Amino acid sequence: MKKAIITVVGKDSVGIIAKVCTFLSEANINILDISQTITGGFFNMMMIVDVSDIKEPFDKVAGELTQYGKDRIGVDIKMQLEEIFTMMHRI
């Protein structure tokens, strides 16, 4: 299984989770775990997903997801492979 970490941050609005999940479903990305909070009107979500079955190159899908977040939802979305995320956040 090839895992990735997705973070979503932005001003809270109706439908953020639904829109992100629809994008992931259409890209054949399975959600393994999800956590979300709303603090002071700001939405924050972290997901662990399985990207083993995506049809396009990972970097292309990650870029499209980031652009989708900006253009269609108004949030900042980042998707990184699990091993890269782990190395970047190592203490």
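Our structure is the block above this text.
No experiment lies behind these values; they were computed from the predicted model shown. (Residues numbered from 1 in each chain as written. Predicted model: local features only at pLDDT ≥ 70, side-chain atom pairs only at ≥ 80, totals over all residues. Heavy atoms only, no water.)

With respect to unusual backbone geometry
Rules: Strands here mean DSSP runs of E at least two residues long; helices mean DSSP runs of H or I at least four residues long; both are numbered from the N terminus.
The backbone phi angle of Asn28 is positive, close to 65 degrees, even though this residue is not glycine. Structurally, Asn28 is set in the loop between helix 1 (16-26) and strand 2 (30-39).

Observations regarding the sheet that holds strand 3 (residues 42-50)
Going by this rule: The pairing criterion for strands is at least two bridges between them, as found by DSSP. With axes taken as lines fitted to C-alpha atoms, and helix axes fitted only over the stretch in contact, angles between N-to-C directions fall between 0 and 180 degrees.
A sheet is described by the order of its strands in space; here four strands give the open sequence 2-3-1-4, paired in antiparallel fashion. Because the sheet does not close on itself, it has two edges, and the strands there are strand 2 and strand 4 (76-81). Strand-to-strand twist in this sheet, taken as the mean axis angle between neighbours without regard to direction, amounts to 10 degrees. Direction of pairing for strand 1 (residues 3-11) relative to strand 3: antiparallel, over a ladder of nine bridges.

What about the packing of aromatic side chains?
Note the following rule: We call Phe, Tyr and Trp rings a pair once their centres come within 6.5 Å, taking the six-membered ring for Trp, and we label the pair stacked below 30 degrees between planes, edge-to-face above 60, and tilted otherwise. Buried, partly exposed and exposed residues are distinguished by accessible area as a fraction of the type maximum, computed with a 1.4 Å probe on protein chains only: under 20%, between the cut-offs, and over 50%, respectively.
This model, assessed by the stated rule, comprises one aromatic pair. With 5.2 Å between their ring centres and 40 degrees between their planes, Phe23 and Tyr68 make a pair best called tilted. Remark: Tyr68 occurs in helix 2 (residues 58-73) and Phe23 occurs in helix 1; sequence separation between them is 45 residues. One exposure class covers both Phe23 and Tyr68, and it is buried.

Overview of the packing of helix 1 against helix 2
The condition is simple: The scheme is simple: roughly parallel for angles under 35 degrees, roughly antiparallel for over 145, roughly perpendicular for 65 to 115, oblique for anything else. Each helix crossing is assigned a hand: it is left-handed if the near helix lies turned anticlockwise from the far helix by less than a right angle, otherwise right-handed if that turn is clockwise. Contacts are residue-level and defined by heavy atoms, with any inter-residue pair within 4.5 Å sufficient.
It is the contact of helix 1 with helix 2, at a shortest axis distance of 11 Å, that shows an interaxial angle of 150 degrees. Looking at the two axes, helix 1 sits roughly antiparallel to helix 2. Pair helix 1 / helix 2 crosses with right-handed handedness. Of the residues in helix 2, those in contact with Ile16, Lys19, Val20, Phe23 and Leu24 of helix 1 are Val61, Glu64, Leu65, Tyr68, Arg72 and Ile73.

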